[in-house]
Amino acid sequence: MKFGFDIDDTLINLREHAFHIYNDRLQQNVGLDVFHALPSMEIHSAFGLTKEEGGKLWSSLRDDIYYSKCGVFPHAREVLHALVDQGHEVYYITARAKEHTDRTREWLIANDFPVTDGHFYCGMSDSEKVHIIDELKLDYYFDDKPTVLETLSHLPVNVYVKDRSYNQHLQIPRITAWDELLDIIKTEAG
Ligand SMILES: [Mg+2]
């Protein structure tokens, strides 16, 4: 089967990583309890920044956020390798900007994710992901972002939301920890 994954905040803990970097650069000490309660994807409000200030800060720190030591969610790597070992295809579909395509792919490989040639898509807008997911005829797709997930309901693909504070309102199947995935496909293959 074909499995598609968003990367940021689906497989890796990017916003929390950025939250630490913001604390460091802004010389603040905002607690992770604030992070875990954020109702929106953007983290700037936790630091008293406006949307514009937050956008500027994110842009200025983007390379550091993307390519320093961002944590991987527990079991994500192991489960993706297990899928490949079982003969499944693993695809990555990230809306990071096009100029980050090569470095993001290299980061995944350097961080021991299984990356097959031709299975890495980067640089589309959130609203364009649906077309790639459709054309690839994925069996499963996983993402954290409501505005992406909301575009997929008409496709035959099994869509799961990666559980985060800002997507609690979505009424679609939910994956909380990556070690649940192998059981999900076992059950469905039943
Ligand atoms: Mg994401």
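Residues numbered from 1 in each chain as written. Predicted model: local features only at pLDDT ≥ 70, side-chain atom pairs only at ≥ 80, totals over all residues.

A. Highlighting the overall build of the chain. Scanning the chain for helices and strands turns up eight helices and six strands. Mapped from its N terminus to its C terminus, the chain presents α and β elements in the order β-α-α-α-α-β-α-β-α-β-α-β-β-α. What you see for the chain is a C-alpha radius of gyration of 17 Å, in line with the 16 Å of a compact globule of 190 residues. Seen through its principal axes, the chain has C-alpha atoms that stretch 50 × 35 × 30 Å. The buried share of the chain, taken over its 190 residues, is 26%. (Helix = DSSP H or I, 4+ residues; strand = E, 2+ residues; numbered from the N terminus. Rg over C-alpha atoms; globule rule 2.2 N^0.38 Å. Buried ≥ 20, exposed ≤ 12 C-beta atoms within 10 Å, placed from the backbone.)

B. The sheet that holds strand β5 (residues 158-162), seen in detail. In space, the six strands of this open sheet follow the order β3-β2-β1-β4-β5-β6, with parallel pairing throughout. Since the sheet does not close on itself, it has two edges, and those belong to β3 (120-122) and β6 (174-175), each with one partner. Looking at chain direction, strand β1 (residues 2-5) and strand β4 (residues 140-143) are connected through three bridges and run parallel. From the neighbouring strand, Phe5 faces β4, where its bridge partner is Phe142. (Pairing = 2+ DSSP bridges.)

C. Molecular detail of helix α4 (residues 76-85). Of the positions making up α4, those classed as buried are Ala76, Leu80 and Leu83. Projected down its long axis, α4 shows its buried positions confined to an angular sector of 55°, all on one face. Against β1 and β2 (89-94) lie the buried residues of α4. In the stretch just after α4, Gly87 is the one whose phi turns positive, near 95°. (Arc of directions from axis to C-beta. Contact = placed C-beta atoms within 7 Å.)

D. View of the environment of Leu57. Assignment of secondary structure puts Leu57 in helix α3 (residues 51-67). If we skip the residues at most four places from it in the chain, Leu57 touches Tyr22, His44 and Leu49.

E. Spatial organisation of the domain arrangement of the chain. When the domains of the chain are assigned, the result is domain 1 (2-12 + 72-189) and domain 2 (14-67). Computed over C-alpha atoms, the centres of domain 1 and domain 2 are 23 Å apart. At the interface, ten residues of domain 1 touch ten residues of domain 2. Across the side of domain 1 that touches domain 2, the residue classes break down as three nonpolar, three polar and four charged. (Domains from an automatic or database assignment. Nonpolar A, V, L, I, M, F, W, Y, C, P; charged D, E, K, R; others polar.)

F. Structural view of the packing of helix α1 (residues 14-25) against α3. The interhelical angle for the contact between α1 and α3, taken along N-to-C directions, is 115°, at an axis separation of 11 Å. When the axis of α1 is compared with that of α3, the two are roughly perpendicular. Considering how the two elements wind past one another, α1 and α3 form a crossing that is right-handed. Each of Leu14, His17, Ala18, Ile21, Tyr22 and Arg25 in α1 lies in contact with α3, whose residues at this interface are Leu57, Leu61, Asp64 and Ile65. Classifying every residue of the contact of α1 with α3 by side-chain character gives seven nonpolar, one polar and two charged. (Axes fitted to C-alpha atoms, helices over the stretch in contact; angles between N-to-C directions. Parallel < 35°, antiparallel > 145°, perpendicular 65-115°, else oblique. Left-handed = near helix turned anticlockwise from the far one by under 90°.)

G. Broad picture of the environment of Asn29. Along the polypeptide, Asn29 turns up in the loop between α1 and α2 (32-36). Asn29 gets classed as exposed once you count the C-beta atoms within 10 Å, which come to 7. C-alpha of Asn29 to C-alpha of Phe19: the two residues are ten residues apart in sequence and 10.0 Å apart in space.

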